[in-house]
Amino acid sequence: MPAYHSSLNEEPDVRQVGNMSILPIKTKYRGVAPLADPSQPDIIDETLDLFRANSLFRNFEIKGPADRTLIVLILFISDCLAKIGSSPRFTPTKLEATKSLNTLSVDSFPIPGDANFALNAHYAPAASRADAEFLRSYLTQVRQELSLRLVNILYADGDVPSKWWMSFQKRRFMNRSLGA
């Protein structure tokens, strides 16, 4: 059974940095990301929908630039779940998880082309320093919005994270992790 791919691979007129798509998102955070139509699902909605199914796969055939963005976001969700579930004795409240994941979102992280980026073999580096900074700004904004939406899903039933979602904290998509 093949993994699920991004439906945004065929989007026309999408900017690319390296070989990653810079896709529009619905967000309340200021940044460089283009704004998406509020009535249509964006890459973050798609990532949240496909995360659990795709995290079961060890192999993923990249079919387009939006798949590369999807992979980075799926790996970020894995890191978020690992961060929330890192303490066996202490389960963070929704407010604590929001703060923790927002900090994780804006912390320094490698981008394609950096020496310590986990998937450099599958990603092209940015063509210039300006493109690299644009990509870092875009990914920071997307990570902030993704962490906010993830907390809302995880804590939909109260102040304890969903066991269904937390059961995926030890799963590694493609046996990789963005974290150290």
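Below, the structure is looked at part by part. Treat the numbers as computed from the prediction; the structure is a model and nothing was measured.

Topic: the packing of helix 2 (residues 65–84) against helix 4 (residues 129–154)
Close contact between helix 2 and helix 4 brings their axes to 10 Å; oriented N to C, the two are set at 50°. The angle between the axes of helix 2 and helix 4 places the two elements in the oblique class. Crossing hand, helix 2 versus helix 4: right-handed. Facing Val 72, Leu 73, Phe 76, Ile 77, Cys 80, Leu 81 and Ile 84 of helix 2, the residues of helix 4 in contact are Leu 139, Val 142, Arg 143, Leu 146, Ser 147, Leu 150 and Leu 154. Of the residues assigned to the contact of helix 2 with helix 4, the class counts are 12 nonpolar, 1 polar and 1 charged.

Brief notes about helix 3 (residues 94–106)
When the terminal C-alpha atoms of helix 3 are compared, their 18 Å separation across 13 residues agrees well with the 18 Å that a helix rising 1.5 Å per residue should span. The complete set of buried residues in helix 3 reads Ala 97, Leu 101, Leu 104 and Ser 105. In a view along the axis of helix 3, the buried residues occupy a sector of 100°, so they form one face of it. The exposed residues of helix 3 that point more than 90 degrees off its buried face are Leu 95 and Lys 99.

Quick word on the packing of aromatic side chains
Enumeration over the complete set of coordinates arrives at 4 aromatic pairs. Judged by centre distance (5.8 Å) and plane angle (5°), the ring pair of Phe 51 and Trp 165 falls under stacked. Highlighted residues: Phe 51 in helix 1 (residues 43–54) and Trp 165 in helix 5 (residues 163–166), separated in sequence by 114 residues. For Trp 165, a relative accessible area of 5% translates into the label buried.

Some details on the nonpolar core
Counting residues in hydrophobic clusters, the biggest one holds 49 residues, and the most contacted among them are Ile 43 and Tyr 138. Mapped by element, the contributors of at least two residues to this core are strand 2 (20–22), helix 1, helix 2, helix 3, helix 4 and helix 5. A total of 12 residues in this core trace back to one element, the largest contributor, which is helix 2. Every residue in contact with Tyr 138, bar those within four places of it in the chain, is listed here: Ser 21, Ile 22, Leu 23, Ile 25, Val 32, Ala 33, Pro 34 and Ile 43.

Let's talk about the pattern of salt bridges
It is possible for side chains of opposite charge to pair when their charged atoms get near one another. According to the stated counting rule, one finds 6 salt bridges in the structure shown. In this structure, Arg 136 engages Asp 114 in a salt bridge whose closest nitrogen and oxygen atoms are separated by 3.3 Å. Here the residue Arg 136 occupies a position in helix 4, and Asp 114 occupies one in the loop between helix 3 and helix 4, the gap between them amounting to 22 residues. Arg 136 sits in the partly exposed class, given a relative accessible area of 23%. The salt bridge involving Glu 145 is made with Arg 149; its shortest N-O contact spans 3.0 Å. Linking Glu 145 with Arg 149, this pair stays in helix 4, spanning 4 residues, or about one helical turn.

Notes on the environment of Ile 62
Among the structural elements, Ile 62 can be located in the loop between helix 1 and helix 2. Along the primary structure Ile 62 and Asp 37 are separated by 25 residues, whereas in three dimensions their C-alpha atoms are 26 Å apart.

Some thoughts on helix 1
Residues Ile 43, Ile 44, Glu 46, Thr 47, Leu 48, Leu 50, Phe 51 and Asn 54 constitute the buried set of helix 1. Check the buried side of helix 1 and you find it contacts helix 2, helix 4 and helix 5.

Thresholds, definitions, all that
Residues numbered from 1 in each chain as written. Predicted model: local features only at pLDDT ≥ 70, side-chain atom pairs only at ≥ 80, totals over all residues. Heavy atoms only, no water. Axes fitted to C-alpha atoms, helices over the stretch in contact; angles between N-to-C directions. Helix = DSSP H or I, 4+ residues; strand = E, 2+ residues; numbered from the N terminus. Parallel < 35°, antiparallel > 145°, perpendicular 65-115°, else oblique. Left-handed = near helix turned anticlockwise from the far one by under 90°. Contact = heavy atoms within 4.5 Å. Nonpolar A, V, L, I, M, F, W, Y, C, P; charged D, E, K, R; others polar. Expected span 1.5 Å × (residues − 1). Buried < 20%, exposed > 50% of the residue type's maximum accessible area, 1.4 Å probe, protein only. Arc of directions from axis to C-beta. Phe/Tyr/Trp six-rings, centres within 6.5 Å; stacked < 30°, edge-to-face > 60°. Core = buried A, V, L, I, M, F, W, Y, C linked by side-chain atoms within 4.5 Å. Salt bridge = Lys/Arg side-chain N within 4 Å of Asp/Glu carboxyl O.

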